[in-house]
Amino acid sequence: ELVARTDDDYVQIGVSLSTQPKRLARLRAKVESLRHEAPLFDTQRWVRELETTLLLMWEVEAARGGSHASQKGRMHIAMS
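Reading the values: rules and limits
The residue numbering used here restarts from 1 in each chain and proceeds along that chain's sequence as written. Side-chain atom pairs in this predicted model are given and counted only at pLDDT of 80 or more, local residue features only at pLDDT of at least 70, and totals for whole chains, interfaces and linings cover all residues. Remark: hydrogens and water are excluded; side-chain values derive from all non-hydrogen atoms of the structure. Secondary structure elements follow DSSP: runs of H or I of four or more residues count as helices, runs of E of two or more count as strands, with numbering from the N terminus. Relative accessibility thresholds used throughout: buried, under 20% of the residue-type maximum; exposed, over 50%; partly exposed, between the two (1.4 Å probe, protein chains only). By salt bridge we mean one thing: a side-chain nitrogen of Lys or Arg within 4 Å of a carboxyl oxygen of Asp or Glu. Pairing of aromatic side chains requires ring centres within 6.5 Å, counting the rings of Phe and Tyr and the six-membered ring of Trp. Pairs whose planes differ by under 30 degrees are stacked, by over 60 edge-to-face, and all others tilted. Whether a charge lies above a ring is judged from NZ of Lys or CZ of Arg, which has to be within 6 Å of the ring centre and within 35 degrees of the ring normal. By definition, no residue in a patch forms a salt bridge, and every one has over 30% relative accessible area; like charges are joined within 9 Å, nonpolar side chains (Val, Leu, Ile, Met, Phe, Trp, Tyr) within 5 Å. Using the Shrake-Rupley algorithm and a 1.4 Å probe, accessible areas are obtained, with residue cover drawn only from the displayed protein chains. Axis definition: a line fit to C-alpha positions, over the contact stretch in the case of helices; interaxial angles, taken between N-to-C directions, run 0 to 180 degrees. We call two directions roughly parallel when the angle between them is under 35 degrees, roughly antiparallel when it is over 145, roughly perpendicular when it lies between 65 and 115, and oblique otherwise. For this analysis, residues touch if any pair of their heavy atoms sits within 4.5 Å. Each residue is assigned to one class: nonpolar for Ala, Val, Leu, Ile, Met, Phe, Trp, Tyr, Cys and Pro, charged for Asp, Glu, Lys and Arg, and polar for all the others, Gly among them. For a helix, the expected span equals 1.5 Å multiplied by the residue count minus one. Directions drawn from the helix axis to the C-beta atoms are what define this arc.

Draft legend 1. Summary view of the overall build of the chain. If you tally the helices and strands in the chain, you get three helices and zero strands. Secondary structure of the chain in N-to-C order comes out as α-α-α. The buried share of the chain, taken over its 80 residues, is 9%.

Draft legend 2. Spotlight on the pattern of salt bridges. Across all of its chains, the model carries three salt bridges by this definition. We note a salt bridge from Glu49 to Arg45, for which the minimum N-O separation is 3.1 Å. Of this pair, Glu49 and Arg45 both sit in helix α3 (residues 43-63), four residues apart, roughly one helical turn. In this structure Arg45 comes out as partly exposed when scored by relative accessible area, which is 30%.

Draft legend 3. Examining the packing of aromatic side chains more closely. For the structure on display, the rule yields zero aromatic pairs. Geometry around Phe41 places Arg35 over its ring, the cationic atom sitting 5.7 Å from the centre.

Draft legend 4. Structural context of a nonpolar patch on the surface. A cluster of nonpolar side chains, contributed by Tyr10, Val11 and Val15, occupies part of the molecular surface with about 330 Å² of accessible area. Topologically, Val11 is positioned in helix α1 (residues 7-19).

Draft legend 5. Region of interest: the packing of α1 against helix α2 (residues 21-35). It is at 5 Å that the axes of α1 and α2 come closest, and there the two elements cross at 105°. Comparing their axes, α2 and α1 come out roughly perpendicular. Contact with α1, carried on its side by Ser16, Leu17 and Thr19, involves Pro21, Arg23, Leu24 and Leu27 of α2 and no other residues of that element. In terms of residue class, the contact of α1 with α2 is made up of four nonpolar, two polar and one charged.

Draft legend 6. Region of interest: α3. Here α3 spans 30 Å end to end across 21 residues, near enough to the 30 Å set by a 1.5 Å rise per residue. Within α3, the full set of buried residues consists of Glu49, Thr53 and Glu61. Seen from one end, α3 has its buried residues packed into an arc of 110°, which puts them on one side. Pointing more than 90 degrees away from the buried face of α3 are the exposed residues Gln44, Glu51, Thr52, Trp58 and Ala63.

Take a look at the structure:
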C-alpha cells in the first residue's frame, strides 16, 4: 500500500497522504495496531533470543576448551 517502486511513486504517495488526512489517519491506526503483532517490536522475545544465542556461544566455546584464538574455523549462529 505504501511501497514506492520509483521516485515518482514515492512523491505521489507523499502528496496523496498529505492531501487525504482521513487516509493518513487510517494508515497510522493500521500500523499502530499491527505493531503489537510484529516481531520487530517484540522486545522481550528479541532479548530472550539474544540471551539464548549468547549462552549457546558460551557453551560451544567452553566445549572447545575456551581457546577460541587457536580455533581456525568460525562459528555462525543465527537468531530466529
